[in-house]
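Overview (structure and organization)
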Amino acid sequence: MPTLKERLYDEWALKAELTQDGVSVHPEVLRRIALGSAAQETVNCLFSYNRDLAAEIDVPPYFILPHGLIALFHVDRRSDWRLEHDGHGFFVVDRDGRSVPVSFPERPGYYARQTSDGTPMRTVAVHNSDDVIFVAYSNECSLQATSRDCLFCNINATARKYGDVQGVKWKYPRQIGETVAAAYAEGARHLTISGGFVPERREVEYYLDVADEIRAATGLDDFNGTACIGAPRDLDVIAKYREAGYRTLAINIEVWDEHFFRAYCPGKEQECGGRDHWVRALEHAVGVFGRGRVRSNMVGGLESKATTLEGIEILSRKGVVAMSPGWIPNPGSALEGHRSPEPAWHLDVARKTYQIYRQVGFTFEQVYDATAVPQTLVHDLYRIEEERLPVFAEERAKEAVAA
């Protein structure tokens, strides 16, 4: 009989497959999930991943797999997997008949509440799992006006499709403060604030106002927040984020190769000093926030595995939590219709990233605090190897009873 860790690694591989390929599903099956009442619904802020689905149809944000791992839920009719309901529970089934039971997250209580100005809190801060919330203060990016959007990004397409349907709009600092306080009262303990590209001076002033409102509403000087920003030309402003109360900073470089950076991220290249300046900004941020308290994402699959891992290793040794979550080609982006590498590619990158992290001494807590969605394949390796999942305690309890 396979050991618990062996079963978890099988589930880990399944997670990669479901995350990359998505599922096909009939709207009637989705209606059985009780989305928006008992079960949490997806609020499409910043990015969306669903293909072939009307904006009015709700979907869950993620699957909960049998041993507790979590996989992103997104609809793609081309997938080999489909979601089914047998009258008792939900299953994902592939074309060979393999069937796996799944469940979905409960709806957070604050999703039913409003801010003092009547704004639904669910549109202000999304609950991402593992006591993490995510605020997209703007669901649009100003780079579209000059046709210099990042080619893999669909933030503006998401705003066009879902903004009016779901009521997702610009967030004001007081709305954010009140919503974060409500979520923290229910057990949330980390948040990331991000958004579309805005001018540098406006960005720092906005983030400082948001931090003031969060501290006032929660009573916390250290509210465990990540500010996700563009690389500022004036590196001295980075200290202002730390002084405002953010524990971590994210400056996402997106790709490591300088030529790819110029091609994939034309706006970031021209507005933020180019790829080398992004690296300098990350180095400077580590000096301000400390090792393991600065994050930089790369879009996993836009460049070669060797180049991606080179960037992860170099940045990690500088103290940056650099990771490369698997790319899901976003509907509405310039790269819509392209394909991400096969799941095995992403699993290998995750294994090697985890090995690098262990070599440089990054702890699970540091990786958790630095990321907006603490459910990457790398997070799971920490959970499996350090036996952090509830299923390990359950297994030990069964063994104790049997003994």
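A few points on the structure.

Calculation criteria
Residues numbered from 1 in each chain as written. Predicted model: local features only at pLDDT ≥ 70, side-chain atom pairs only at ≥ 80, totals over all residues. Heavy atoms only, no water. 1 Å grid on protein atoms, 1.4 Å probe; cavity = no way out; pocket = protein on both sides within 12 Å on 5 of 7 lines; lining within 4 Å. Points joined across faces, edges and corners; volume = space filled by probe spheres on them. Helix = DSSP H or I, 4+ residues; strand = E, 2+ residues; numbered from the N terminus. Nonpolar A, V, L, I, M, F, W, Y, C, P; charged D, E, K, R; others polar. Buried < 20%, exposed > 50% of the residue type's maximum accessible area, 1.4 Å probe, protein only. Contact = heavy atoms within 4.5 Å. Pairing = 2+ DSSP bridges. Axes fitted to C-alpha atoms, helices over the stretch in contact; angles between N-to-C directions.

**Focus: the layout of surface pockets**
Considered as a void within the structure, the second largest pocket measures approximately 440 Å³ in volume. Tyr62, Ile70, Ser129, Asp130 and Asp131 are, among the 28 residues lining the second largest pocket, the residues nearest its centre. Of all the elements in the fold, those that place two or more residues in the lining of the second largest pocket are strand S1 (62-64), strand S6 (126-129) and helix H12 (364-370). Each residue belonging to the lining of the second largest pocket can be placed in one class, and the counts come to 13 nonpolar, seven polar and eight charged.

**A look at the environment of Phe91**
Among the structural elements, Phe91 can be located in strand S4 (residues 90-94). On the basis of relative accessibility, which here comes to 24%, the residue Phe91 falls in the partly exposed class. With 11 residues separating them along the chain, Phe91 and Val102 place their C-alpha atoms 5.5 Å apart. With residues near it in sequence (within four places) discarded, Phe91 still touches Arg82, Leu83, Glu84, Asp86, Ser99, Val100, Pro101 and Val102.

**Some thoughts on empty space enclosed by the protein**
Over the atoms rolls a probe the size of a water molecule, and in doing so it shows where empty space is left. A full pass over the atoms with the stated rule returns two cavities of 30 Å³ or more. Lining the largest cavity are Thr42, Asn44, Asn50, Leu53, Ala54, Ile57, Asp58, Val59, Tyr162 and Gln166. In terms of residue class, the lining of the largest cavity is built from five nonpolar, four polar and one charged.

**Section: the sheet that holds strand S8 (residues 190-194)**
Spatial ordering of the open sheet is given by S6-S7-S8-S9-S10-S11-S12, a layout of seven strands whose pairing is mixed. The two strands at the open ends of the sheet, each matched to only one other strand, are S6 and strand S12 (320-323). Geometrically, the sheet is characterised by an average inter-axis angle of 25° between neighbouring strands, direction not taken into account. The pairing of S6 with strand S7 (residues 132-136) spans three bridges and is classified as antiparallel. Across the sheet, His127 pairs through a bridge with Ile133, a residue of S7. The strands touched by helix H9 (residues 274-289) within the sheet are strand S10 (248-250), strand S11 (294-297) and S12, with S11 carrying the most contacts at an inclination of about 150°.

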